[in-house]
Amino acid sequence: MKHTISLILAILFAVPTFAAQDDYLVKKDSLLKVINIAEGEAKFAAYDHLGIILFNDASTPADTFLKYNTEFEQAATAAKDSFAMKAAKHRMILWFRNNAKHEELLEILPATLDFMKTGKYYNKYIQEYNFFVMTLFELGKFDEAMKIANQFYSDAKTIDYPTAQPYALYTLGELYNGSKRLEDACKSYLAALQILKITKDTYTLQSYIYASLIDCYTELKRWKDVEKYFNEWEMNLKKAESNKWETKILRCNFYQINISFYDEIKDYAKAEKYCKLLEKPENITDYYMGSIANHRVLYYLANKNYSAVLEWALKGYDLETKRNKLVNRCHFLQYAAQAALLLGKAEEGAEYLERFVEFNDSLHNIEFNAKIDELRIQYDVDKHIAEKTHNRNYFLFALGGCILLLVTLGIWIFYSRQIVLRNRELVRKNQQWANLQTLEIVGKDKDMEIEKNMPAAEDYEIVEQAHRILLDGLFKEYELVLDTLAVKMGIHSKTLSQVINSVTGKNFNQFVNEYRIKEAIRIMSHEKDLRLKEIYWQVGFNSYTAFYRTFKQITGLHPTQFKNKDSEMKE
């Protein structure tokens, strides 16, 4: 009965909310009344609506949003309402992310991720994991971001949610893309798309990934790949008909990126094709008009239709004036001035040019002007010094610098030579070691008869059997675990682990990783064209980081050092 009354109150107070959609004050007051009177689901629904309003209203003070959202979460926690807790926690994450509150975001993310995973709110879980990675990256903590991204990928493979793994791969791709590791980014994007293509209703995520993939290939100037994935993206959009509103947004983004790409490579005819699609009545908005105006200016400029250039430059200027985009206004004024002057409209061109200079000057703040003055002063000082190059003090300074440079260079050459010799010796020894196919054991030739823990003869046979199985290629399976080998040998995994440790002095991972590193060395020595990123998969490692670390531990060299030195020695 109590909840029924609360629900009726919620409906009564919510009526003004929906009747006055443009009046935030009415909405807030109505919802606050519900929060004060109602209980249970009605109270939480009012809190949730209030949170949405405060979140989307740019004029809302930070303290106000945080106050009510914290109250919402506390009330939901006290009532043990998991669904309401999920809404409050996720909105707090979004607010911190949108307002660049990086430290606060990182502080609450781990606990929120645990909550989302435990409650199986996987759609929020994967989104917040992405926030975690990208926030660390934006703070310059690349290594930590990469660690969390790989952890996300490993975790995503254990989650029963169709887009978890591709979203984790997309996140890795964004991390690589942001750090200009474009080839690695492309691999991650393509791996994500491969999974999504066999998963239903994932068109939105696919669209985002296609956009990022095309961005990478554009920067790599791989135009054939750009066109290929533009075509795939278009086919993807044709399938996304279930949600018409969402499909419209995705299609408009697709058209806009096509326009920018073809303008970049100066294929204005193809850009014009997508421009006409974007400016259809059902698509056109002020947001996209900026792209259309910019393209038309370039298109008509290339065709020397200066009247049309002037017309579209002024349209773009008016649009950006409404949107209060000063930089873009300068951009269009510059084109307007150029077109007017080419049309012989000297006075009009001079007027646009004068306004351009005025706007452009307003973009430069006091700090910038001070920097210009500082550079001018520095220029005068440098010029004065250059005219006094024969001054004795300057000569002594230069001489001292040269002597210091020579000494430093000599020390560097000496130590570099020592390092080169040491690395060459390490390469030679590691190649000899890699070519050994015999099993390496400890204590076999030592006087260990008196030791109580000396391996028995059958222990050597067990390890020899494991050695043969691994040499057949089992070590190349990157998901290989002790149990897999034990089953193949028909013995208990604990027994196998103890025997390997007793006979070789290594644990299972160390034992298997030596086979992998040996194989990697052999591949690097004979297949020069293979990149390291291709080799580590072939020999059984599931991440480049693990391969890199293990290679260094076993050989004393980084994989890149080994490959370079091996090439130098054979030249």
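Procedures and definitions
- Residues numbered from 1 in each chain as written.
- Predicted model: local features only at pLDDT ≥ 70, side-chain atom pairs only at ≥ 80, totals over all residues.
- Heavy atoms only, no water.
- Helix = DSSP H or I, 4+ residues; strand = E, 2+ residues; numbered from the N terminus.
- Buried < 20%, exposed > 50% of the residue type's maximum accessible area, 1.4 Å probe, protein only.
- Contact = heavy atoms within 4.5 Å.
- Areas by Shrake-Rupley, 256 points an atom, 1.4 Å probe, with all protein chains shown as cover.
- Core = buried A, V, L, I, M, F, W, Y, C linked by side-chain atoms within 4.5 Å.
- Expected span 1.5 Å × (residues − 1).
- Polar contact = N/O pair within 3.5 Å; in protein donor to acceptor, adjacent residues only side chain to side chain.
- Phe/Tyr/Trp six-rings, centres within 6.5 Å; stacked < 30°, edge-to-face > 60°.
- Salt bridge = Lys/Arg side-chain N within 4 Å of Asp/Glu carboxyl O.
- pLDDT = per-residue confidence, 0-100.
- Patch = residues over 30% accessible without salt bridge, like charges linked within 9 Å, V, L, I, M, F, W, Y side chains within 5 Å.
- Disulfide = S-S within 2.5 Å.
- Axes fitted to C-alpha atoms, helices over the stretch in contact; angles between N-to-C directions.
- Parallel < 35°, antiparallel > 145°, perpendicular 65-115°, else oblique.
- Left-handed = near helix turned anticlockwise from the far one by under 90°.
- Nonpolar A, V, L, I, M, F, W, Y, C, P; charged D, E, K, R; others polar.

Section: the overall build of the protein chain
Counting secondary structure elements, the protein chain contains 27 helices and zero strands. For the protein chain, with 571 residues in total, the buried portion stands at 40%. Excluding contacts between residues fewer than 6 apart, the proportion of contacts in the protein chain whose partners are at least 24 apart in sequence is 57%. Carbon and sulfur atoms form 54% of the exposed surface of the protein chain, whose accessible area is close to 33100 Å².

Quick notes on the nonpolar core
By size, the foremost hydrophobic cluster in this structure holds 104 residues, and its most contacted members are Tyr125, Phe132 and Ile209. By residue number, the principal contributor to this core is helix α7 (residues 122–138), which donates nine residues. Sequence-distant contacts of Phe132, that is, excluding residues within four places in its chain, are made with Leu106, Leu109, Pro110, Leu113 and Ile148. With 22 residues, the next largest nonpolar core counts Leu439, Ile462, Ile469 and Tyr515 among its residues.

Focus on helix α5 (residues 82–98)
When the terminal C-alpha atoms of α5 are compared, their 24 Å separation across 17 residues agrees well with the 24 Å that a helix rising 1.5 Å per residue should span. All buried positions along α5 are accounted for by Ala84, Met85, Lys86, Ala87, Ala88, Lys89, His90, Arg91, Met92, Ile93, Trp95 and Phe96. In this fold, the buried residues of α5 make contact with α3 (40–56), α4 (62–78), α6 (102–118) and α7. Here α5 starts with a cap whose side-chain oxygen sits 3.2 Å from the backbone nitrogen of Phe83, and that cap is Asp81. Positive backbone phi, approximately 55°, marks Ala100, located one or two places after α5.

Some points on the side chain of Thr163
The topology assignment puts Thr163 in the loop between α8 (142–156) and α9 (164–178). Its relative accessible area of 13% is what places Thr163 among the buried residues.

Comments concerning the packing of aromatic side chains
In this structure the tally under the stated criterion is 25 aromatic pairs. Ring plane angle 80° and centroid distance 5.4 Å describe the contact between Tyr125 and Tyr129, whose orientation is recorded as edge-to-face. Here the residue Tyr125 and the residue Tyr129 both occupy positions in helix α7, the gap between them amounting to four residues, near one helical turn. Residue Tyr129 is classed as buried on the basis of its relative accessible area of 5%. For the ring pair Phe511 and Tyr515, a centre distance of 5.4 Å and an interplane angle of 85° mean the geometry is edge-to-face. One end of the pair is Phe511 and the other is Tyr515, both in helix α24 (residues 508–526) and four residues apart, which spans about a single turn. Each member of the pair, Phe511 as well as Tyr515, is classed as buried.

Comments concerning unusual backbone geometry
Its identity as a non-glycine residue notwithstanding, Ala100 has a phi of 55°, on the positive side. Note that Ala100 resides in the loop between α5 and α6. Even without being glycine, Lys221 reaches a positive phi, approximately 60°. Its location among the elements puts Lys221 in the loop between α11 (203–219) and α12 (223–239). Take Lys221: its relative accessible area is 56%, and that puts it in the exposed class.

Quick look at the environment of Gln338
Among the structural elements, Gln338 can be located in helix α17 (residues 326–342). Linking Gln338 and Tyr306, residues 32 residues apart in sequence, is a C-alpha distance of 8.7 Å.

Quick look at the environment of Leu220
With respect to the helices, strands and loops of the structure, Leu220 is situated in the loop between α11 and α12. For Leu220, a relative accessible area of 28% corresponds to the partly exposed category. It is 8.7 Å that separates the C-alpha atoms of Leu220 and Glu183, two residues lying 37 residues apart in sequence.

Structural notes on α24
With 19 residues, α24 ought to run about 27 Å at 1.5 Å a step, and its terminal C-alpha atoms sit 28 Å apart, in line with that. Among the 19 residues that make up α24, 16 are buried, leaving the element largely enclosed by the rest of the structure.

Points about the pattern of salt bridges
A complete count under the given rule lists 17 salt bridges for this structure. The shortest N-O distance in the salt bridge between Arg222 and Asp225 comes to 2.9 Å. Among the ionic pairs, Lys315 bridges to Glu311, the shortest N-O distance being 3.4 Å. Taken as a pair, Lys315 and Glu311 lie in helix α16 (residues 306–322) at a separation of four residues, close to a single helical turn.

What to know about the confidence of the model for the protein chain
Parts of the model with low pLDDT should not have their predicted coordinates read in detail. The pLDDT averaged across the protein chain works out to 78; a share of 82% of its residues lies at or above 70. Predicted confidence in the protein chain is weakest over helix α1 (residues 2–19), with a mean pLDDT of 40, and strongest over helix α10 (residues 182–196), with 92. Scored below 50 in pLDDT, residues 365–385 makes two contacts in the model with residues more than four places away or belonging to other chains.

Overview of a nonpolar patch on the surface
Taken together, the side chains of Phe395, Leu396, Leu399, Ile403, Val407, Ile411, Phe414, Tyr415 and Ile419 define a hydrophobic patch exposed on the protein surface, amounting to about 880 Å² of accessible area. Looking at the element boundaries, Tyr415 is found in helix α20 (residues 392–435).

Considerations on the state of the cysteines
Throughout this description, disulfide means a covalent bond between two cysteine sulfur atoms. Across all of its chains, the model carries zero disulfides by this definition. Note on Cys216: no disulfide assigned, nearest cysteine sulfur contributed by Cys186 at a separation of 4.4 Å.

Comments concerning the environment of Phe137
Along the polypeptide, Phe137 turns up in helix α7. The sequence separation of Phe137 and Gly178 amounts to 41 residues, and the corresponding C-alpha distance is 8.3 Å.

Comments concerning the side chain of Ser188
Within the secondary structure, Ser188 sits in helix α10. With a relative accessible area of 8%, Ser188 lands in the buried category. Excluding residues within four positions of it along the chain, Ser188 makes contact with Leu169, Leu172, Gly173 and Tyr176.

Focus: the packing of α5 against α6
Here α5 crosses α6 at 150°, and the two axes come no closer than 10 Å. The orientation of α5 with respect to α6, classified from their angle, is roughly antiparallel. The two elements α5 and α6 meet at a crossing, and its hand is left-handed. Of the residues in α6, those touching α5 at Ser82, Met85, Lys86, Lys89, His90, Met92, Ile93, Phe96 and Arg97 are Glu104, Leu105, Ile108, Leu109, Thr112, Phe115 and Met116. Of the residues that constitute the contact of α5 with α6, the class distribution is nine nonpolar, three polar and four charged.

Structural notes on the packing of α8 against α9
Packing of α8 against α9 brings their axes to within 8 Å, and their N-to-C directions diverge by 165°. On the basis of the axis angle, α8 is roughly antiparallel to α9. In this structure, α8 meets α9 at a crossing whose hand is left-handed. Judged by residue contacts, Phe142, Ala145, Met146, Ala149, Asn150, Phe152, Tyr153 and Ala156 of α8 engage Ala164, Gln165, Tyr167, Ala168, Leu169, Thr171, Leu172, Leu175 and Tyr176 from α9. Its residues placed into classes, the contact of α8 with α9 shows 14 nonpolar, three polar and no charged.

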